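Take a look at the letters that make up each chain.
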Amino acid sequence: MKLGTKLIHAGVVPDPSTGAIMTPIYQTSTYVQAAPGQHKGYEYARTQNPTRDALQQALAAIENGTYGICFGSGLAATDAVIKLLNPGDEVVVSSDLYGGTYRIFTKIFERYGIKFHFIDMQDAQQIRSYLNGQTKMIWIETPTNPLMKVIDIVACAAIAREHNLLLSVDNTFASPYLQNPLDLGAHIVVHSATKYLGGHSDVVHGAIIVKDEALAQQLYFIQNSCGAVPGPQDCFLVLRGLKTLHVRMQRHCENGETIARFLRQHPKVDKVFWCGFEDHPNHPIAKQQMRGFGGMMSFTLKNDSMEAAMKVLSGTHLFSLAESLGGVESLIGHPASMTHASIPREERLKNGLVDSLIRLSVGIEDAEDLMADLDNAIK
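Residues numbered from 1 in each chain as written. Predicted model: local features only at pLDDT ≥ 70, side-chain atom pairs only at ≥ 80, totals over all residues. Heavy atoms only, no water.

Novice: How should I be thinking about the packing of helix α3 (residues 74-82) against helix α4 (residues 99-108) in this particular structure?
Specialist: Put simply, α3 and α4 touch, their axes get as near as 11 Å, and they point 40° apart. Where α3 crosses over α4, the two elements pack in a sense that is right-handed. Across the interface between the two elements, L75, T78, D79 and I82 of α3 pack against G100, T101, R103, I104 and F105 of α4. Of the residues belonging to the contact of α3 with α4, the class tally is four nonpolar, three polar and two charged. (Axes fitted to C-alpha atoms, helices over the stretch in contact; angles between N-to-C directions. Helix = DSSP H or I, 4+ residues; strand = E, 2+ residues; numbered from the N terminus. Left-handed = near helix turned anticlockwise from the far one by under 90°. Contact = heavy atoms within 4.5 Å. Nonpolar A, V, L, I, M, F, W, Y, C, P; charged D, E, K, R; others polar.)

Pasting the structure below:
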């Protein structure tokens, strides 16, 4: 079954009591049992909910996995993955990554004895230098947030297999429309479903998708035991969002390319980070593992100052200044003071995340209007 068809139909069956074509919102905290232990598969809503079940099945299908596990946010999903580890374990992590992921790794889990090595993985073989007997996981984003670096999932998977490690891939920026890490050898796919999967900036949600049953059971246990579960209304909103993911992503990709090429030709723009450029580092890998290059990008100005960046950030009208990404509306942000503020400045600069960097989430508006909006702000 093709992805567009999966997005419409996966996990969704008519409601048995009414025939409703959309999965109902089962807004309940508990379920009546005929006798102790005699129930219809549902006992308590932290453990199971029919709306959540439908979404979990749909997410598994669109990522070509077997098991979907939903959470109250993308960070809650990340939290659950790291809880697979034990004190003393080590993780090799891509150095350019979402600031919230960096924060939970360094400020929460390092306190419990888990060690993280943050490295540039554009050459995946660099991972080998950081492996030892305590290494248990490789964690990557690709494309990375916010510098759009591309990491070779197949190469990382080969290293993971060789050393019996888990490979976890944050697929939020690409979405299942552009990339399926499980098909490339990853063990775990993580999404902030708040972003492209929901697609309308109206829900906070997270998800994990895996193929292995034993791994899935560990994650279901963590989901139930720790309780960071989404409510049925949130699951309904993501289910609804999935139905248009393919048509939205097509426009995100089209607009993304138009805006990236416009910015690259702008006389006041210095560098544009978008993995669709042929001279982008690892562009051949992006072509191999992705089906398009998306609507996420970042750029710097020739006037490399905070003042110049702030002028652009405050000068747009269609690009709204806000955190998050992946909605139908275009957003503009300043990673250094917004999404990546939790990363120490010296670490940001070392990774190339300068103070003047501006990140765009290009929406599905008319591309000519978006170009005019940016041009007016950059002047």
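Novice: How do you make sense of the nonpolar core when you look at a structure like this?
Specialist: In terms of nonpolar packing, the biggest core is built from 37 residues, with L55, L59, L197, V238 and L242 touching the most fellow members. For this core, the secondary-structure elements that each account for two or more residues are α2 (50-62), β7 (206-210), α8 (232-242), α9 (245-265) and α10 (283-289). Once residues lying within four places of it in the same chain are set aside, the contact partners of L55 are C70, H205, C235, V238, L239 and L242. (Core = buried A, V, L, I, M, F, W, Y, C linked by side-chain atoms within 4.5 Å. Buried < 20%, exposed > 50% of the residue type's maximum accessible area, 1.4 Å probe, protein only.)

Novice: Please clarify how the sheet that holds strand β1 (residues 67-71) should be interpreted in this entry.
Specialist: Within a beta sheet, neighbouring strands are joined by backbone hydrogen bonds and run either parallel or antiparallel to one another. Here seven strands make up an open sheet; going across it, the order is β1-β7-β6-β5-β4-β2-β3 and the pairing mixed. Edge positions in the sheet fall to β1 and β3 (115-119), since each of these pairs with one other strand and no more. Shown here is a sheet whose adjacent strand axes are inclined to one another by a mean of 20°, direction ignored. As judged from the five bridges shared by strand β4 (residues 135-141) and strand β5 (residues 166-170), these two strands associate in the parallel manner. Of the residues in β5, the one forming a bridge with M137 is L166. Packing against the sheet, α2 makes contact with β1 and β7, and its axis sits at approximately 125° to β1. (Pairing = 2+ DSSP bridges.)

Novice: I tried to follow unusual backbone geometry on my own but got confused; where do I start?
Specialist: A negative phi angle characterises most non-glycine residues, just as the trans form characterises most peptide bonds. Residues T142 and P143 are joined by a peptide bond in cis, for which omega reads -10°. Residue placement: P143 occurs in the loop between β4 and α5 (153-162). We note that S175 has phi near 70°; this positive angle belongs to a residue other than glycine. Within the fold, S175 resides in helix α6 (residues 175-178). Judged by relative accessible area, which is 0%, S175 ranks as buried.

Novice: Teacher, can you tell me more about the sheet that holds strand β10 (residues 320-321) here?
Specialist: Here we have five strands laid out as an open sheet, ordered β8-β9-β12-β11-β10, and mixed in their pairing. The open sheet has two free edges, formed respectively by β8 (269-273) and β10, since each of these has just one partner strand. In the sheet, strand β11 (residues 331-333) pairs with strand β12 (residues 358-361) via three bridges, with the strands oriented antiparallel. Each residue of the ladder has a partner; that of L331, found in β12, is S361.

Novice: Mind showing me how you'd approach the packing of α2 against α8 here?
Specialist: To describe two helices that pack against each other, one gives the angle between their axes and the distance between the axes. Close contact between α2 and α8 brings their axes to 8 Å; oriented N to C, the two are set at 35°. Our pair here, α2 against α8, has a crossing hand that is left-handed. Counted together, T51, R52, A54, L55, A58, L59 and I62 of α2 and P232, C235, F236, V238, L239 and L242 of α8 form the full contact between these two elements. Looking at side-chain class alone, the contact of α2 with α8 contains eleven nonpolar, one polar and one charged residues.

Novice: Got a minute to help me understand the pattern of salt bridges in this structure?
Specialist: Side-chain pairs of opposite charge can arise where the charged atoms are in close proximity. All chains considered together, the criterion is met by eleven salt bridges. When the shortest N-O distance is used, the salt bridge between D89 and K136 registers 3.6 Å. Taken together, the positions of D89 in the loop between α3 and β2 (90-94) and K136 in strand β4 put the pair 47 residues apart, joining distant regions of the chain. When its relative accessible area of 32% is taken as the criterion, K136 is described as partly exposed. The partner of D375 in a salt bridge is K379, and the shortest N-O contact between them spans 3.9 Å. A residue is classified by how much of its surface remains accessible, and D375, at 23% relative accessible area, is partly exposed. Residue classification places K379 among the exposed positions, given a relative accessible area of 55%. Taken together, the salt bridges that share partners define one network made up of R345, R348 and D355. (Salt bridge = Lys/Arg side-chain N within 4 Å of Asp/Glu carboxyl O.)

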